[in-house]
Amino acid sequence: MTFITYQLKKWITPYTIDSFFVNFFLFVPRLVTGGLLAFVYAPNKFGTPWTPDALELSFLEVSDEFVGLIANQGYPFDVFPDLFAWSIGFMEAFGGLLLILGLNTRVTAFFVFLTMTMGIFFRTWDGTWDILPVFSFFCLGLFLMGFGSGKWGLDYWLSKKLR
């Protein structure tokens, strides 16, 4: 086994146990997190094939409103707001799809965790509970980083193929 194969297997091998309930409780948060990120939050700010036509966003284009929102967060986001907005939109759209599939779950969950950490600590507090979804995704990213996809994800299948 080469070094690269060993490292890849180490990163993608999920927590596995044969219990239906354990795998169910790993699958549901992964599916909910991925579904919400990819199909609820991302389409309003990032051009995906499922973005509503009314937003007039081309594929992989970020909305001007979201870039402005990111720029208003202050330093370091106001230096490269387009880059930050695009990376957040990309992570939500395509990272959400990866989570649904259970593919590269730990690495994707790390980026969800990192993005939500920035959202918690750098976001301007407006006195509402709008921070609650950000904190929920922060916790779910941390959870998925630790456990991976479980047996009901493509990571499990790939880790078996790398043996």
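Anything mentioned here points back to the structure above.
Quick look at the structure, then. Just so you know, these numbers come straight off a predicted model, no measurement behind them.

### A few points about the side chain of R106
Along the chain, R106 turns up in helix α5 (residues 105-122). Within the buried set, R106 has no salt-bridge partner at all; the shortest N-O distance to an opposite charge, 7.0 Å, is to D155. At a separation of 3.0 Å, a polar atom in the side chain of R106 contacts the main-chain carbonyl oxygen of M145.

### Some thoughts on helix α3 (residues 64-71)
Those residues of α3 that sit buried are F66, V67 and I70. Take α3 and look down its axis: the buried residues cluster within an arc of 100 degrees, on one side only. Counted as exposed and oriented over 90 degrees from the buried face of α3: D64 and E65. Among the structural elements, α4 (81-101) are those in contact with the buried residues of α3.

### Considering the side chain of T105
Along the polypeptide, T105 turns up in helix α5. With sequence-adjacent residues up to four places away left out, T105 is seen in contact with R30, L99, L144, G148, S149 and D155.

### Quick look at the pattern of salt bridges
Scanning the model with the defined rule gives two salt bridges in all. Residue K151 pairs with D18 through a salt bridge whose shortest N-O separation is 2.3 Å. In this pair, K151 is assigned in the loop between α6 (131-147) and α7 (154-161) and D18 in the loop between α1 (3-12) and α2 (20-41), connecting sequence segments 133 residues apart. Judged by its relative accessible area of 67%, D18 falls in the exposed class. For K45, the salt bridge identified is with E92, shortest N-O distance 3.0 Å. Here K45, found in the loop between α2 and α3, pairs with E92, found in helix α4; they are 47 residues apart in sequence, far enough to count as distant. Exposure class is identical for K45 and E92. Each is buried.

### Brief notes about a nonpolar patch on the surface
Together, F20, F21, F24, F25 and W152 line one region of the surface with nonpolar side chains, adding up to about 550 Å² of accessible area. With respect to the helices and strands, F25 occurs in helix α2.

Here is what the cut-offs are and how they apply
- Numbering of residues starts from 1 in every chain and runs along the sequence as written.
- Local features in a predicted model are, by the rule used here, given only for residues with pLDDT of at least 70; side-chain atom pairs are given and counted only at 80 or more, and totals for whole chains, interfaces and linings are based on all residues.
- For side-chain calculations, the full set of non-hydrogen atoms in the structure is used, while hydrogens and water are omitted.
- Only DSSP runs of H or I covering at least 4 residues are called helices, and only runs of E covering at least 2 are called strands; the numbering of each starts at the N terminus.
- Here the term buried applies to any residue with accessible area under 20% of the maximum for its type, exposed to any over 50%, and partly exposed to those in between, with areas from a 1.4 Å probe on protein chains only.
- Under the counting rule used here, the positive set is Lys and Arg, the negative set is Asp and Glu, and His together with the chain ends is not counted.
- We count a salt bridge whenever a side-chain nitrogen from Lys or Arg sits within 4 Å of a carboxyl oxygen from Asp or Glu.
- Here a polar contact means two N or O atoms within 3.5 Å. Within protein one must be a hydrogen donor candidate and the other an acceptor candidate, and residues neighboring in sequence count only if both atoms are side-chain atoms.
- The arc under discussion is defined with respect to the helix axis, by the directions toward the C-beta atoms.
- We call two residues in contact whenever any of their non-hydrogen atoms come within 4.5 Å of each other.
- Here, patches come from residues exposed beyond 30% relative accessible area and free of salt bridges, joined within 9 Å for like charges and within 5 Å for nonpolar side chains (Val, Leu, Ile, Met, Phe, Trp, Tyr).
- Reported accessibility uses the Shrake-Rupley method at a 1.4 Å probe radius. Residues are deemed covered only where the shown protein chains occlude them.

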